[in-house]
Amino acid sequence: MKKSTGKIIAVSAPSGTGKTTIVKQMLKIFPAMIFSVSATTRAMRAGEVNGKDYFFVSEEEFKKKIENDEFAEWERFYDYYYGTYKSYIEENINKNKSVILEIDVKGALEIKKNYSSAKLIFIYPPSYEELAKRLKNRKTETEVDFKKRIERAKMELSLKDKFDYFVENKDLEKAILETERIIRNILTEDE
Ligand code: ADP
Ligand code: 5GP
């Protein structure tokens, strides 16, 4: 008999769309689901916790991890590196635990290449103007980083069709309900 494994669910969206907000809610709704804590070389934001939101590492440490083949996927994003730990995903799904990844669009597509059963959810903003407004209101980026994120959003939105599920984040409550419905279906469906 085939051993059952947990599901891999990646949630992606252009920066500022609201994926962090939505994923945090999903972890409350599905407490057994494991959040894949990525490594990053960017600076910690106010309120973030090392080992919970990310593993904050130096560029040198990150490059060593690439050499050691520790990442299921990694990317240089803006001026920083981000990577998903292979061990984090594999140890959990082998224990039949489902893992949720909050990663960028290209990273999610890379995950699907390496784990074909992974399910990809794309969250999209109602408009560019609204996306820019949310990023500005979040007040976490410098002007340069803000511009890079907005420019990248266009490329990310063009890759949307490669995803399995789509949620518009216009009204946050509705987007949360829709994402919850999708995840519930993924968690209960057979391989
Ligand atoms: P991401 O993780 O995609 O970069 P965040 O979750 O950090 O985005 O959200 C970006 C900003 O937009 C945050 O300040 C968040 O509170 C806000 N936000 C999220 N969803 C909505 C929404 N539906 N309407 C208005 N603001 C939102
Ligand atoms: P932020 O700096 O806003 O936390 O994240 C910037 C972008 O990097 C977001 O789109 C976020 O989802 C993405 N990201 C976070 N972790 C990873 C990861 O491990 N791999 C990839 N490819 N992207 C990630």
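Residues numbered from 1 in each chain as written. Chains lettered and ligands numbered in written order. Predicted model: local features only at pLDDT ≥ 70, side-chain atom pairs only at ≥ 80, totals over all residues. Heavy atoms only, no water.

### With respect to the sheet that holds strand β6 (residues 80-85)
Step number 1: Taken together, the 4 strands give an open sheet; going across it, the order is β4-β3-β6-β5, and neighbouring strands pair in mixed fashion. Edge strands, defined here as strands with exactly one partner in the open sheet, are β4 (54-56) and β5 (71-77). Within the sheet, the average angular offset between the axes of one strand and its neighbour, ignoring direction, is 20°.
Step number 2: Across 2 bridges, the pairing between strand β3 (residues 38-40) and β6 is antiparallel. The residue of β6 that forms the bridge with Thr40 is Tyr82.
Step number 3: Against the sheet, helix α3 (residues 86-94) touches β4, β5 and β6, its axis set at about 20° to β6. (Pairing = 2+ DSSP bridges. Helix = DSSP H or I, 4+ residues; strand = E, 2+ residues; numbered from the N terminus. Axes fitted to C-alpha atoms, helices over the stretch in contact; angles between N-to-C directions. Contact = heavy atoms within 4.5 Å.)

### Section: the site of ligand 2
Step number 1: The local shell around ligand 2 holds 16 residues, among which Ser38, Arg42, Tyr54, Glu73 and Tyr82 are the closest.
Step number 2: Asp104 has a polar side-chain atom sitting 2.7 Å from a nitrogen atom of ligand 2.
Step number 3: Measuring from an oxygen atom of ligand 2, one finds a side-chain N or O atom of Arg149 at 2.9 Å.
Step number 4: Here ligand 2 has 520 Å² of accessible area as a free molecule, and 96% of this is covered by the chains. (Near = heavy atom within 4 Å. Polar contact = N/O pair within 3.5 Å; in protein donor to acceptor, adjacent residues only side chain to side chain. Areas by Shrake-Rupley, 256 points an atom, 1.4 Å probe, with all protein chains shown as cover.)

### Let's talk about unusual backbone geometry
Step number 1: One non-glycine residue, Asp69, lies in positive phi territory at about 60°.
Step number 2: Assignment of secondary structure puts Asp69 in the loop between α2 (59-67) and β5.

### Structural notes on the environment of Val23
Step number 1: Its location among the elements puts Val23 in helix α1 (residues 19-29).
Step number 2: For the pair Val23 and Glu102, spaced 79 residues apart in sequence, the C-alpha separation works out to 7.3 Å.
Step number 3: Every residue in contact with Val23, bar those within four places of it in the chain, is listed here: Val11, Phe35, Ile100 and Glu102.

### A word on the packing of helix α5 (residues 128-138) against helix α6 (residues 143-158)
Step number 1: Across the interface, α5 lies against α6 with an axial gap of 11 Å and an inter-helix angle of 145°. Like other packed secondary-structure pairs, α5 and α6 cross with a definite hand, here right-handed. Between α5, through Tyr128, Leu131, Ala132, Leu135, Lys136 and Arg138, and α6, the contact on the second element is made entirely by Glu143, Phe146, Arg149, Ile150, Ala153, Lys154 and Leu157.
Step number 2: A class-by-class count of the residues in the contact of α5 with α6 yields 8 nonpolar, no polar and 5 charged. (Left-handed = near helix turned anticlockwise from the far one by under 90°. Nonpolar A, V, L, I, M, F, W, Y, C, P; charged D, E, K, R; others polar.)

### Structural notes on the pattern of salt bridges
Step number 1: Per the counting criterion, the structure on display carries 17 salt bridges.
Step number 2: Among the ionic pairs, Glu48 bridges to Arg42, the shortest N-O distance being 2.9 Å. Residues Glu48 and Arg42 agree in their burial class; the two are buried.
Step number 3: Put simply, Arg134 and Glu130 hold a salt bridge, and the shortest N to O gap is 2.7 Å. (Salt bridge = Lys/Arg side-chain N within 4 Å of Asp/Glu carboxyl O. Buried < 20%, exposed > 50% of the residue type's maximum accessible area, 1.4 Å probe, protein only.)

### Section: the pairing of β5
Step number 1: Counting buried positions along β5 yields 5 of 7 residues, so the element is predominantly enclosed.
Step number 2: The hairpin formed by β5 and β6 contains 2 residues between the paired strands, and Tyr78 there has a positive phi angle of roughly 55°.

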